[in-house]
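Structure assessment
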Amino acid sequence: MTGMSNGTVIASQDGGVLEITLNRPEVLNSFTEEMHADLREAFALAETSAVRAVLLTGAGRGFCAGQDLGARAASSGKPDLSDSLRRNYNPLIARIRALEKPVICAVNGVAAGAGVNLALACDIVLAARSARFIQAFAKIGLVPDAGGTFTLPRLIGEARAKALMLTAEPLGAEQAEAWGMIWRAVDDEALMEEARALAVRLAGAPTFGLGQTKIAIHASADNDLAAQLEHEATAQKRCGTSPDFMEGVRAFIEKRPPVFTGKGPA
Ligand code: LHQ
């Protein structure tokens, strides 16, 4: 196993799985400048070809409580919050969405503010049954950020998204699953085992094809049917010359399990 730990983020790689843990448990893993910088380093590892699936989670009883408000309270005057969004949150969300491999999020406890929207930027979200999701921004006079106004209405529809964002009411993991906001609510004790098993499974899958699938689904947000069909044709052309397509077909014919490399076309 290899990895890095620079205090506020732990990243450990085992085979093709990179597990990234937000690690400021005493403040529910809320974000500081330092934690953003550490997370950037961790996601740089995620972009290396040896990593084929990423698992993001939090240390302690919370997943992430958004921006560290303690640091904000200490600053005086009229802060320019767009600065932190443009330098930290926006590139983080864009990076996760653009990463051409699956990013799983294991929401181990409360997720609030930018912490919820960080989870929603991931591809497959599992949550402990006891976890709560709170679009806390309305409580402090802010607009939801970290992509939440993009992801949430697309996931659960405008009516529910507006109510959650205007009231800042907590949403439980089971309701989040029922509404399609997350993939699955899992018993607390089983969360990490289930999330890791999924990460291992996806790290052995045809990574190039999975990456193309993720990007195609995102593209559908901007495309009409004709454009999306063309997107699929172009992506399929690339997948069709990948070694994993050849291997998948050969394994099927030979009635044996496939061994995928994750590589794209040469
Ligand atoms: C915290 C925090 C926290 C510091 C818990 N900060 N200490 C982006 C760009 C730029 C600027 C502004 O914002 C943004 C985006 C955002 O994310 S804004 C939204 C920020 N987040 C929030 O408003 C959530 C604030 N936290 C809470 O409402 C509660 O802590 C929740 C509901 C998350 C959890 O409640 P409890 O389970 O009752 O835990 P707790 O409140 O007792 O928290 C435990 C500790 O963590 C506590 O410290 P203490 O020393 O008393 O044990 C909290 O002060 C600390 N903590 N969130 N965001």
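Residues numbered from 1 in each chain as written. Predicted model: local features only at pLDDT ≥ 70, side-chain atom pairs only at ≥ 80, totals over all residues. Heavy atoms only, no water.

1. Notes on the sheet that holds strand E9 (residues 132-134)
Taken in spatial order, the 4 strands make up an open sheet running E5-E7-E9-E10, and their pairing is mixed. Lying at the two open borders of the sheet, with one neighbouring strand each, are strand E5 (62-64) and strand E10 (171-172). As judged from the 2 bridges shared by strand E7 (residues 110-112) and E9, these two strands associate in the parallel manner. Across the sheet, Ala112 pairs through a bridge with Ile134, a residue of E9. (Pairing = 2+ DSSP bridges. Helix = DSSP H or I, 4+ residues; strand = E, 2+ residues; numbered from the N terminus.)

2. Here we look at helix H9 (residues 207-219)
With 13 residues, H9 should cover 18 Å at 1.5 Å per step; its first-to-last C-alpha distance of 18 Å lies within 8% of that length. Listing the buried residues of H9 in full gives Thr207, Phe208, Gly211, Gln212, Lys214, Ala216, His218 and Ala219. Buried residues belonging to H9 abut helix H3 (81-98), strand E6 (103-107), helix H10 (225-240) and helix H11 (243-253). (Expected span 1.5 Å × (residues − 1). Buried < 20%, exposed > 50% of the residue type's maximum accessible area, 1.4 Å probe, protein only. Contact = heavy atoms within 4.5 Å.)

3. As for the nonpolar core
Ranked by size, the top nonpolar core spans 63 residues in total, and within it Ile20, Leu22, Phe63, Val107, Leu118, Phe133 and Met181 carry the most contacts. Element by element, the count of residues in this core is highest for helix H8 (residues 191-203), at 7 residues. The contacts of Ile20, once residues within four sequence positions are left out, are Val9, Ile10, Ala11, Leu39, Ala42, Phe43, Val54, Leu55, Leu56 and Thr57. (Core = buried A, V, L, I, M, F, W, Y, C linked by side-chain atoms within 4.5 Å.)

4. Notes on the site of the ligand
The environment of the ligand is formed by 26 residues, the closest being Arg61, Ala65, Gln67, Leu69 and Ala114. One nitrogen or oxygen atom from the main chain of Leu69 is found 2.8 Å from a nitrogen atom belonging to the ligand. Computed on the free molecule, the ligand has an accessible area of 1000 Å², of which 67% lies beneath the protein chains in the complex. Elements that contribute at least two residues to the shell around the ligand include exactly helix H2 (69-74), H3, E7 and E9. (Near = heavy atom within 4 Å. Polar contact = N/O pair within 3.5 Å; in protein donor to acceptor, adjacent residues only side chain to side chain. Areas by Shrake-Rupley, 256 points an atom, 1.4 Å probe, with all protein chains shown as cover.)

5. Some words on the environment of Leu152
Turning to its location among the elements, Leu152 is positioned in helix H5 (residues 148-156). For Leu152, a relative accessible area of 0% corresponds to the buried category. With 36 residues separating them along the chain, Leu152 and Val116 place their C-alpha atoms 9.8 Å apart. Contact partners of Leu152, with chain neighbours within four places excluded, come to Leu120, Gln135, Gly157, Ala161, Leu164, Met165 and Met181.

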